[in-house]
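Below are the chains, spelled out letter by letter.
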Amino acid sequence: MMRKSLRYLSMLGWLVILGCTGDDGAKLDSADTRREEAISDLKEKLMAPEHGWVLHYQPVPDAGAYYILLDFDEDEVRIQSDVSADGGTLLDQTIPYRVDVQLAVQLTFETYAVFHYLFEQDQSTFGAEFEFFYLDEQDGNLLLYSKSDAIGETTVITLEPAAANAADALSRETSGNMEAYELYNQPFGTQTLQQLYLTREDVSLYWEIDLVKRIISVDGAAPGVESRTITSASWVAIDQTVAYTFANEGLVLSEPITFTLGGKNYNIDQIKLENYSESGDLYCVSDMRAAPVYSASISGVVAAELRHTLFNSGGLTFEPEPDSPYSINVFYAGDSTGLSLTGEDLTIGQLYPEANWILFDYGLDSAEIDYAFGIIFEDENGVEQTHYRGYETATVAGNYIHVILNEEFHYSNPTEVDATDEQNLRTLTDELFGGGEVYISLWPIQDGLVIYRLFNPCNGYEFALVKP
């Protein structure tokens, strides 16, 4: 309610200032004069600090904050930030700005910069802004509020005069290195997963990090450093969401991550990131570089490593299904570019243009197809057929499964198949499972269904499966 009141008082105040008490030209000139004075007044305020302004920009309450420096002259503003996206182009820019009057005195950043980048996230629904109304000056600080926020959700930002060394607090190196943790592009949306390993305690904390919104979604914790040894029994679910900010080349959390493991309580509120290297896991022999690792410390005392991981606890629930196969509409198989393999120039579209479903038998109660990958399609007569290729008996380790394809093929129409049918299935499965490394995670996109994502880091392919 307070934000809402400020917004409308500001607009109402400006309308009163511009309001006319008569119809003569002198009154109209007075309104124009006041308009120009208001514009000039805000521009003078923006240019006043010797070293510009500091803004800790938090577009919405649940997101993290961005450290931004603003230095205005008559027509342009230099914007420095700790946002390393877009190849680093947002770190330091000089762009034109405009001050004018609409419903209130308005500051607009004219050309594409960090504010515009944040504005367009989530198809422009994130809640960031590049146009702001001026609200007030308090104790030498300037208060502005977002132009396009919904009523009752107005974000008020505070510009504080910057110190001469304010740029020293820009954690650009850390911000840039964190971008490297986005190691793979996944067809159903990239998951940036991290593992904080407390080396002395031999405990790992797992989370997914949103590098744009600066949000950490904590999955849980387990003993040891090796995710493939995690079981449902050893896993401690945490399910906590915290925002973070870069500060002093580390992460400062909006609230502590707290959990208990092995009878010991843990409380993590900031992580000092020290030495960066690309010396982590090699997920595939074809990988050109190892995964990123940061040596780190917790509260300056507890030694740790911030590692890249592909672990997601949802894979712990992927279990043998003796009665029915896992399945999915064939559309939900994609390549590293994010395109469905059903596209007319891609594998399924070319080899199985009339395909409907993918099947994944995992521990099925069948002597022939207990472990097999299948595809259901309509043949030239419009009859539905199922073709299977087997893989060696496998067990999920943590959320990892090694798929080794074999030479066992099974068909619903065995008397009608020829060498081309076998080669088609071989081509599809070899492509989908190339390298054999598969990591499983939950994909909670529909209530009432348990849906998994199976990601192959060796080629970037991914397909979904619904639990029967």
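Above this text is the structure in question.
Our focus in this paragraph is the overall build of the protein. Counting its secondary structure elements, the protein contains seven helices and 26 strands. Taking all contacts inside the protein whose residues are at least 6 apart in sequence as the whole, residues at least 24 apart take part in 53%. About 21500 Å² of surface is accessible on the protein, with carbon and sulfur atoms providing 48% of the total. Measuring between centres, the 24 positive side-chain charges of the protein sit 10 Å from its 76 negative side-chain charges.

By the element assignment, Thr174 lies in helix H5 (residues 172-179). With relative accessibility at 1%, the residue Thr174 sits in the buried group. Ignoring sequence-local partners within four residues, the contact set of Thr174 consists of Phe246, Glu249, Gly250, Leu273 and Tyr294.

Looking now at the packing of aromatic side chains. Aromatic ring pairs are described here by two measures, namely the spacing of the ring centres and the angle between the planes. Throughout the structure, instances matching the rule amount to 37 aromatic pairs. An angle of 55° between the planes, with centres 5.3 Å apart, marks the rings of Tyr352 and Phe377 as tilted. Of this pair, Tyr352 sits in the loop between helix H6 (347-351) and strand E19 (355-362) while Phe377 sits in strand E20 (residues 371-378), placing them 25 residues apart in sequence. For the residue pair Tyr352 and Phe377, the accessibility class agrees, reading buried in each case. If you follow Arg228 out to its NZ or CZ, it ends over the ring of Tyr400, 3.5 Å from the centre. Lying across the ring of Trp443, Arg453 places its NZ or CZ 5.8 Å from the centre.

Glancing now at the pattern of salt bridges. The full count for this structure, using the stated rule, is 19 salt bridges. The closest approach of N and O atoms between Arg98 and Glu110, which form a salt bridge, is 2.4 Å. A residue pair is termed long-range when its members are at least 10 positions apart, and Arg98 in strand E4 (residues 92-101) and Glu110 in the loop between strand E5 (105-109) and helix H3 (114-119) qualify at twelve residues. Since its relative accessible area comes to 38%, Glu110 is described here as partly exposed. Of the charged contacts, one joins Glu131 and Lys147 as a salt bridge, the two residues approaching to 3.8 Å between their closest N and O atoms. A residue pair is termed long-range when its members are at least 10 positions apart, and Glu131 in strand E6 (residues 131-138) and Lys147 in the loop between strand E7 (141-146) and strand E8 (156-161) qualify at 16 residues.

So, how was this worked out
- Residues numbered from 1 in each chain as written.
- Predicted model: local features only at pLDDT ≥ 70, side-chain atom pairs only at ≥ 80, totals over all residues.
- Heavy atoms only, no water.
- Helix = DSSP H or I, 4+ residues; strand = E, 2+ residues; numbered from the N terminus.
- Contact = heavy atoms within 4.5 Å.
- Areas by Shrake-Rupley, 256 points an atom, 1.4 Å probe, with all protein chains shown as cover.
- Lys, Arg positive; Asp, Glu negative; His and termini not counted.
- Charge placed at Lys NZ, Arg CZ, Asp CG, Glu CD.
- Buried < 20%, exposed > 50% of the residue type's maximum accessible area, 1.4 Å probe, protein only.
- Phe/Tyr/Trp six-rings, centres within 6.5 Å; stacked < 30°, edge-to-face > 60°.
- Lys NZ or Arg CZ within 6 Å of the ring centre and 35° of its normal.
- Salt bridge = Lys/Arg side-chain N within 4 Å of Asp/Glu carboxyl O.

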